[in-house]
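Listed here are the chains, written in short residue letters.
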Amino acid sequence: MDILTVVFIGLFFLMVGYRPPWWSKKQQICTSTSQIPGPISLPFLGTYWTFSWIGGYSLNKVHLFYKDMFQKYGPIIKEEALWNIPVISIVRRNDIEKVLKTSGKFPIRPPTEAIAYYRKSRPERYASAGLVNEQGETWAHLRANLTKDITSPQTIATFLPQVAAISNDLCALIKHFRQKDNKIDQLELLTRRLGLEVMCTLVLGRRMGFLLPEGETDIARRLRIAVHHHFLSCRDTYYGLPLWKLFHTSSYSHLIDSEEDIYNLALELVANADEATKESIIFESILKAQIDEREKTAAIVDFIASGIHTLGNTLVFLLSLISQRKDVQEEIAANENSEYIKACIKETFRLLPTAFCLARVLEKDLELSGHLVKAGNVVVCQTGLACRDPENFSRPNEFLPERWLGEEKSKTLASSTFLLLPFGCGKRQCPGRRFIEQSLPVILKELVQNFIISYDKKNVDISFEFIMAPVSPVQMSFEDR
Ligand code: HEM
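Residues numbered from 1 in each chain as written. Predicted model: local features only at pLDDT ≥ 70, side-chain atom pairs only at ≥ 80, totals over all residues. Heavy atoms only, no water.

A. Up close: a nonpolar patch on the surface. There is a patch of nonpolar side chains on the surface, built from Ile40, Leu42, Phe44, Leu45, Trp83, Ile85, Leu241, Leu243, Leu246 and Phe247 and spanning about 1,000 Å² of accessible area. Tracing the chain through its elements places phenylalanine 44 in the loop between helix H2 (21–28) and helix H3 (62–73). On the basis of relative accessible area, phenylalanine 44 is assigned to the partly exposed category, the value being 38%. (Patch = residues over 30% accessible without salt bridge, like charges linked within 9 Å, V, L, I, M, F, W, Y side chains within 5 Å. Areas by Shrake-Rupley, 256 points an atom, 1.4 Å probe, with all protein chains shown as cover. Salt bridge = Lys/Arg side-chain N within 4 Å of Asp/Glu carboxyl O. Helix = DSSP H or I, 4+ residues; strand = E, 2+ residues; numbered from the N terminus. Buried < 20%, exposed > 50% of the residue type's maximum accessible area, 1.4 Å probe, protein only.)

B. Highlighting the packing of helix H13 (residues 293–322) against helix H15 (residues 338–351). Close contact between H13 and H15 brings their axes to 10 Å; oriented N to C, the two are set at 105 degrees. Put simply, H13 runs roughly perpendicular to H15. Contacts between H13 and H15 involve Thr314, Phe317, Leu318 and Leu321 on the former and, on the latter, Cys344, Ile345, Thr348, Phe349 and Leu351. Grouping the constituent residues of the contact of H13 with H15 by class yields seven nonpolar, two polar and no charged. (Axes fitted to C-alpha atoms, helices over the stretch in contact; angles between N-to-C directions. Parallel < 35°, antiparallel > 145°, perpendicular 65-115°, else oblique. Contact = heavy atoms within 4.5 Å. Nonpolar A, V, L, I, M, F, W, Y, C, P; charged D, E, K, R; others polar.)

C. Spotlight on the environment of isoleucine 36. Turning to its location among the elements, isoleucine 36 is positioned in the loop between H2 and H3. Taking relative accessible area as the criterion, isoleucine 36 reaches 3% and is therefore assigned buried. Sequence separation between isoleucine 36 and leucine 405 is 369 residues; the distance between their C-alpha atoms is 39 Å. Sequence-distant contacts of isoleucine 36, that is, excluding residues within four places in its chain, are made with Ile76, Ile77, Lys78, Ile88, His371 and Val373.

D. Layout of the site of the ligand. By nearness alone, 26 residues border the ligand, and Arg109, Trp139, Arg143, Arg360 and Cys430 come closest of all. A distance of 2.8 Å separates an oxygen atom of the ligand from a polar atom in the side chain of tryptophan 139. At 2.7 Å, a side-chain N or O of arginine 360 approaches an oxygen atom of the ligand. Only helix H6 (136–146), H13 and strand E4 (358–361) provide two or more residues apiece to the shell around the ligand. (Near = heavy atom within 4 Å. Polar contact = N/O pair within 3.5 Å; in protein donor to acceptor, adjacent residues only side chain to side chain.)

E. Spatial organisation of the packing of helix H5 (residues 113–120) against helix H10 (residues 250–271). Look at H5 against H10: their axes get within 11 Å of each other, and the N-to-C directions meet at 60 degrees. By the criterion of interaxial angle, the relationship of H5 to H10 is oblique. The interaxial crossing formed by H5 with H10 has right-handed handedness. Along the contact surface, H5 presents Ala114, Ile115, Tyr117, Tyr118 and Arg119, while H10 presents Tyr252, Leu255, Ile256, Glu259 and Glu260. Counted by class, the contact of H5 with H10 contains seven nonpolar, no polar and three charged residues. (Left-handed = near helix turned anticlockwise from the far one by under 90°.)

And the structure:
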């Protein structure tokens, strides 16, 4: 074939519109974030309107918004914050993997700006924005100095007998509070009291009595409420219009009030420290850490506050799912094999994660679903939705702990890589992960060995409160086994 024939054939294909696959693939890469689809963005205000009465979505159902957006626009979508700053969400596994794998030495999780701003305004109390919201070298210094013991398997193992004793107290409390028909009226309040007792025991080294049947102590109630308000005001300042930068909005005032309450209550708890507290491994390691003195109180506050609702809500989700399957409860009660319980917990995190997405600031330019996204952009990995995608898991909306066991296990583990990340990923992942993963089986086993748990509803109603939370009140039955 001479050169003229090749040119002629080439021209012919160009004219009839045929393009080889490699050609169209290259051509499809959009190089500007403005080409990423998403809801209409208004000048200056961006896409905030979607969460108003015009848009029809509400912040407490933000997960439904993302579900609809991916259905409407495809696997990559763009929202715009104030000043039209893009926030990109992705749901495909290979995109999520790319983003999480490119994190460098100091991964950047977008901070809760309002907290960072407030803490900066109180230099007499705070030396930085704290472990959760700091970045770069300051974050790495805090992380290295504060998390060694809380992530150590040996240290955690010493706490497990206390976790068992606390779970026992929860069972006694359920027996005390349940009605004649075995129903507990607001289960979420009891599980958060458990979260409070567990976290204080871990950090302060002594039992606080927050689960005593004579009623919630004043300090426990105030701390539980302050942490709840804190999460809600974090959500409102983070996702709402950031008017708090101009003046003290009501959500910013709530945030400050709750930060102050939690700080003062934690100080009160520390001030009442007894010998046991002083001997606590975690408490001692915080006091000895080579960090600014102010960081130590902030760390105690952050550790206690991080665990109360995350643990309490996860437990409600777990119980709501196993309540649908009596056979699973029988298996847990009878089974000495911890693999089965771990499978139930994994399946709960897959279906009802308290943290349903992971955000990062991109450190490198990346091609995500046909779009070139530049370094510096905020990308949100929607892992919760990806875990319910039939492309990733068969029968994705069903609670099937079996998928994590036996023959199915390796297939499920392979398909869950970079998707099932309830505690995040990489250097910034949750330092409480190991403690929660070891404690939850102890708590679950204790409950299931005491009770047959049932729930009238098929699915627990969830609300976004900065983390996922069950809509109050959750009524469940606890019949003696
Ligand atoms: C069910 C319980 C919990 C869940 C689901 C959970 C989830 C998470 C997630 C998703 C992150 C973000 C990770 C990332 O960006 O990669 C995180 C960060 C964090 N969590 Fe947890 N968490 C739980 C319990 C705890 C507990 C008990 C503590 C107390 C030790 C804790 C302390 C923290 C801290 C300090 C960070 C910030 C870490 C950093 O940025 O370096 N969490 N958690």
